[in-house]
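Residues per chain, in single letters:
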Amino acid sequence: MSARFDIDAIRLDFPILHREVNGRPLVYLDNGATTQKPTTVIDAIDGYYRRQNSNVHRGVHTLSQEATTLFEQAREQARQFLGAAHAHEVLFTKGTTDSINLVASAFGQQFIKAGDEILISAMEHHANIVPWQMLCERTGAVLKVIDITPNGALDMASFGSLLNKKTKLLAISHVSNALGIINPVAEMIKQAHTMGAKVLVDGAQAAPHFAVDVQALDADFYTFSGHKVFGPTGIGILYGKEALLNAMPPYQGGGNMISKVTFAKTTYNELPHKFEPGTPNIAGGVGLSAALKYMQGLDSATLQAHEHTLLKTATEGLEQIAGINIIGTAPDKASVISFLLDGAHPFDVGTLLDQQGIAVRTGHHCCQPLMDYYQTPGTVRASFSLYNNVADVQAFLVATQRAADMLS
Amino acid sequence: MATINQIQDEIIEEFSFFDQWMDKYEYMIDLGKKLPLIDSAYKTDGHLIPGCQSQVWLHAESKDGLIHFSADSDAIITKGIIALLVRVLSGQSAQAISEADLYFIEEIGLSQHLSPTRSNGLVSMVQQMKQIGFSLASS
């Protein structure tokens, strides 16, 4: 498929965009929570269940072989998407949260001991906080937190001062889910490696917006969720460097992950199967594959320019509304805006926007420590995706102005 | 004193005049703004019904066989809905509260705010109001 970017054609690819909410055309701006699915993804899942459904990696019969081929093609599609060297470095998980728990468990068991330090940042999602806290409780390791600056950017001086020879792992989001800030992960990985630390990048909010190259980044682990890149829920990807994955013990036991089982001793299968026990989410893999193919069929430079236009239009429009404060104003941002309205609770703003057909997220965005930093129970977050257009932004601005008028 | 169902019917009647969503929500915002619903002494963690989105505080007092509720929230629309719930249930007998069928919520088009999937504390608040009624009615 040749690269293309025609916003009107793209909108036709997503059937849900054409429904109404509360009597108005849907304006879906909750893409940070989950993205809508193009027809190709819906058809791929439908087609899989209609034509190939079977278990993978085991059957000699034709359906099983076809399903296995589709599932392994999905792995190859994800390898290309991330620029990984080998398909067996690409593991299927349930999603980003599952991936991080896998690393915290398996990497943690092998490489983390009492007194070691794990470094995260103040802007992390709970999924990139809690698994590390649990690991620290298990092992006696210490969790260290990189500060942020008032505009939402990571405090690189704080990072420099916290990184040391005891740091065994840096776990950092590529893009902040609550604020949309893009972190300088390439530079951070370089610095972490000089201290011998490994780096896990939470790419859940990056993969939907720009191309990722794990080899160029030199990331040790990189993870993202299928449902945030136009694929189905319940499937995600964990990339890990081959040598690291080989050195880690399995995360969960079961079928498929074994080489030989006896009651005396079980030996484990090779990558990637060692980390994929049980019947995987085959339809999810097939859907994800179609989603990644869809994204790879778009011109990424044009896509980024389009999302930048949406962000700029929305930001400038919000700045014209009295009482609006944008949280997270650092220059390097994905198409996400978090904001507060003076004197109004985010829930009230979100409710009035919903009445006008506008879907946004309100609340703490699973980032309570970050909300504590800004001393707010939550924010209103509008997150734009490739299928949003300038008309969506205009509708959002009109609706927000109306909500502000009603709540003033 | 009007019964729970008489008050519910009054509210349904009032809301029937709103044909625009804006009028309805402006009315609820107004209700939310007007009412200092709870004595600040009761706005404590002990009275807090935590929700993922907005918080609700609830206090109940029993006087002469009737239960009096006061409540508050940090979100104004939630507070408006609370004002309606307090209007319907406060000052009623424990028995009547525990048996109340709150059909007005559906009738005035606010059921989306009280569906179990909403994490605004309102569902827990209604459950707790009825629970208080139930435990006092059976004591």
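These numbers were taken from a predicted model, which means no experiment stands behind them.

**Q** It is not clear to me how the sheet that holds strand E13 (residues 324–327) of chain A should be interpreted in this structure. Could you clarify?
**A** The strands making up a sheet associate through backbone hydrogen bonding, with each pair oriented either parallel or antiparallel. Residue and element names in this part refer to chain A. Strand order in this open sheet of four strands is E13-E14-E17-E16, and the pairing throughout is antiparallel. Among the strands making up the open sheet, the edge pair consists of E13 and strand E16 (361–363). The sheet shows a mean angle of 30° between the axes of neighbouring strands, taken without regard to direction. Where strand E14 (residues 336–341) lies against strand E17 (residues 379–383), four bridges are found, and the strand directions are antiparallel. In the strand pairing of E17, Ser-338 is matched with Arg-381. Its contacts with the sheet put helix H14 (residues 390–407) on E13, E14 and E17, and the angle it makes with E14 is roughly 15°.

**Q** Sorry, what's going on with the pattern of salt bridges here?
**A** Any two side chains of opposite charge can pair, so long as their charged atoms come close to each other. Residue and element names in this part refer to chain A. Evaluated as defined, the whole model comprises 17 salt bridges over all chains. Taking the shortest distance from any N to any O, the salt bridge between Asp-220 and Lys-241 comes out at 3.1 Å. Of this pair, Asp-220 sits in the loop between helix H8 (214–217) and strand E9 (221–225) while Lys-241 sits in the loop between strand E10 (236–240) and helix H9 (242–247), placing them 21 residues apart in sequence. The exposure class assigned to Asp-220 is buried, which follows from its relative accessible area of 2%. Lys-241 sits in the partly exposed class, given a relative accessible area of 22%. The network of salt bridges with shared partners includes Glu-72, Arg-75 and Glu-276.

**Q** Could you clarify how one ought to interpret the packing of aromatic side chains in this entry?
**A** What characterises a pair of aromatic rings is the spacing of the ring centres plus the angle enclosed by the ring planes. With the rule as written, the count across this model stands at 16 aromatic pairs over all chains. One aromatic cluster is present, built from ring pairs that chain together A:Phe14, A:Phe230, A:Tyr294 and A:Tyr387. Directly above the aromatic system of B:Trp57 lies the positively charged group of B:Lys43, at a separation of 4.9 Å from the ring centroid.

**Q** Whenever I open this one, the interface of chain A and chain B confuses me. Can you help?
**A** One widely used convention gives an interface's size as the accessible area the parts lose upon coming together. Listed as interface residues are 16 residues of chain A and, on the opposing side, 18 residues of chain B. The contact between chain A and chain B buries some 1500 Å² in all, and 61% of this surface belongs to carbon and sulfur atoms. Considering only the surface of chain A that becomes buried against chain B, A:Phe347, A:Gln355 and A:Met406 emerge as the three largest contributors, covering 41% of it. The tally of links between chain A and chain B comes to zero salt bridges. Between the two partners, chain A and chain B, sit five residue pairs in polar contact (both at pLDDT 80 or more). Secondary-structure elements contributing two or more residues to the side of chain A that touches chain B are helix H12 (346–355), E16 and H14 of chain A. It is H12(A) that contributes the most residues to the side of chain A that touches chain B, six residues altogether.

Cut-offs applied
Residues numbered from 1 in each chain as written. Chains lettered and ligands numbered in written order. Predicted model: local features only at pLDDT ≥ 70, side-chain atom pairs only at ≥ 80, totals over all residues. Heavy atoms only, no water. Pairing = 2+ DSSP bridges. Helix = DSSP H or I, 4+ residues; strand = E, 2+ residues; numbered from the N terminus. Axes fitted to C-alpha atoms, helices over the stretch in contact; angles between N-to-C directions. Contact = heavy atoms within 4.5 Å. Salt bridge = Lys/Arg side-chain N within 4 Å of Asp/Glu carboxyl O. Buried < 20%, exposed > 50% of the residue type's maximum accessible area, 1.4 Å probe, protein only. Phe/Tyr/Trp six-rings, centres within 6.5 Å; stacked < 30°, edge-to-face > 60°. Lys NZ or Arg CZ within 6 Å of the ring centre and 35° of its normal. Buried area = accessible area lost by both parts, 1.4 Å probe. Polar contact = N/O pair within 3.5 Å; in protein donor to acceptor, adjacent residues only side chain to side chain.

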